[in-house]
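Survey of secondary and tertiary structure
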Amino acid sequence: MIKDLLTIFAVALMGASCSHGVSRVQTSALPALNPITYTFPLSLEEVRTRALQAFSIEHQTQQPIFGRPPSGADLESIFSAESATNAVFGAAVFRDPANKNDIYLHTSHMPFVISPVYTGSKGGLPFIATFHLHLTAVGSSTMVAVTASDTQVVNGTKFGVGPCGPGQGWNYESVRPTTVEEYSILQYIGRHLGITNMPAIVLPTQ
């Protein structure tokens with residue numbers, strides 16, 4: 001019994017001593033929230049078809065949603081886009097018939113952008129999320145609403161036990177959606193649709 005307790009204590013001590021780059025997560029305020037919905041002056045079928053074209057691997061390779069990662073940053077620039085016909089990670093979304101025209105975006109739990117909102121001691125933190133794009137016909141137009149889920153940042157590394165055994169891994173911390181990433185996706189769709197009058201994205205002023 002005592003031996004087991006000593007082993008547990010030793011592992012816990014190792015974990016505490018093997019955390020690297022972990023700092024308090026700071027949140028920079030936005031002057032105003034970005035829109036997470038936008039109505040495009042096109043039919044639902046056209047918006048959905050062209051949005052899926054924009055989210056194709058070929059198009060994202062040429063024009064990543066969040067731009068090309070900084071040199072040396074361990075970020076995933078290509079999102080996987082799922083629909084009702086090929087859903088795996090977003091299967092639960094498409095069980096609701098109301099979501100049959102929707103799109104689900106994910107990066108297999110990899111960070112995809114350096115957050116302008118969440119920072120640590122060395123600047124912006126790598127940001128992770130999944131996105132559910134809900135499409136609704138509004139007359140002859142289409143409203144797209146973007147919902148971010150499973151939002152996290154990578155705040156340094158820590159010792160832990162993963163599928164390959166004990167070792168050093170990313171330290172994930174849950175955070176709230178910011179509206180920055182949601183509206184960035186709406187702008188990405190808008191650019192592909194040829195919309196030129198969408199408002200500029202709102203970012204922290206400091």
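Examining the environment of Asn86
Along the chain, Asn86 falls in the loop between strand 3 (80-82) and strand 4 (103-106). Engagement of the side chain of Asn86 in a polar contact is seen with the backbone nitrogen of Ser83, the distance being 2.6 Å.

With respect to the packing of aromatic side chains
Going through the model one piece at a time under the given rule, you end up with nine aromatic pairs. Look at Phe79 and Phe131: their rings are 6.1 Å apart centre to centre, the planes differ by 55°, and that puts the pair in the tilted class. Pair noted here: Phe79 is in the loop between helix 3 (57-62) and strand 3 and Phe131 is in strand 6 (residues 123-138), with a separation of 52 residues, a long-range link. You can call Phe79 buried: its relative accessible area is 2%. Judged by relative accessible area, Phe131 falls into the buried class, the value being 0%. Put simply, the rings of Phe66, Phe79, Phe112, Phe127 and Phe131 pair up and form one aromatic cluster.

A word on the pattern of salt bridges
Counting across every chain of the model gives one salt bridge. Measuring nitrogen to oxygen at the nearest pair gives 3.1 Å for the salt bridge that ties Arg50 to Glu46. Taken together, the residues Arg50 and Glu46, both in helix 2 (residues 44-54) and four residues apart, mark about one turn of the helix. Taking relative accessible area as the criterion, Arg50 reaches 24% and is therefore assigned partly exposed.

Points about the confidence of the model for the protein chain
Predicted coordinates in regions of low pLDDT should not be interpreted in detail. The share of residues in the protein chain with pLDDT of 70 or more is 87%, and the mean pLDDT across the chain is 90. pLDDT under 50 marks residues 5-17. Its contacts with residues more than four places away, or in other chains, come to three contacts.

Considerations on unusual backbone geometry
The phi angle at His109 is positive, at roughly 65°, despite the residue not being glycine. The residue His109 is located in the loop between strand 4 and strand 5 (113-120) in this model. With relative accessibility at 37%, the residue His109 sits in the partly exposed group. Phi at Asp150 is positive, roughly 50°, even though this residue is not glycine. Here Asp150 lies in strand 7 (residues 141-162).

Some points on the pairing of strand 5
For strand 5, a buried count of six out of eight residues is recorded, marking the element as mostly surrounded by other parts of the structure. Alignment of strand 1 (residues 26-27) against strand 5, held across two bridges, turns out to be antiparallel. Counterpart to Thr27 in the pairing with strand 5 is Tyr118. Relative to strand 6, strand 5 runs antiparallel, the two sharing four bridges. Paired with Ile114 across the bridge in strand 6 is Pro126. What sits between the antiparallel neighbours strand 5 and strand 6 is a turn of two residues.

Regarding the nonpolar core
Membership of the largest hydrophobic core comes to 38 residues, with the highest contact counts inside it found for Phe40, Phe55, Phe131, Leu133, Val144, Ile185 and Ile189. Put simply, the parts of the chain that give this core at least two residues each are strand 2 (37-40), helix 2, strand 4, strand 5, strand 6, strand 7 and helix 4 (180-193). Examining the composition of this core, we find that seven residues originate from one element, helix 4, more than from any other. Those residues within four positions of Phe131 in sequence are excluded, and the remaining contacts are Phe79, Ile103, Tyr104, Leu105, Phe112, Val146, Thr147, Ala148, Glu181, Glu182 and Ile185.

Quick notes on the side chain of Gln187
Assignment of secondary structure puts Gln187 in helix 4. With near-sequence residues (within four places) excluded, Gln187 lies in contact with Met198, Pro199, Ala200 and Ile201.

Rules and cut-offs
Residues numbered from 1 in each chain as written. Predicted model: local features only at pLDDT ≥ 70, side-chain atom pairs only at ≥ 80, totals over all residues. Heavy atoms only, no water. Helix = DSSP H or I, 4+ residues; strand = E, 2+ residues; numbered from the N terminus. Polar contact = N/O pair within 3.5 Å; in protein donor to acceptor, adjacent residues only side chain to side chain. Phe/Tyr/Trp six-rings, centres within 6.5 Å; stacked < 30°, edge-to-face > 60°. Buried < 20%, exposed > 50% of the residue type's maximum accessible area, 1.4 Å probe, protein only. Salt bridge = Lys/Arg side-chain N within 4 Å of Asp/Glu carboxyl O. pLDDT = per-residue confidence, 0-100. Contact = heavy atoms within 4.5 Å. Pairing = 2+ DSSP bridges. Core = buried A, V, L, I, M, F, W, Y, C linked by side-chain atoms within 4.5 Å.

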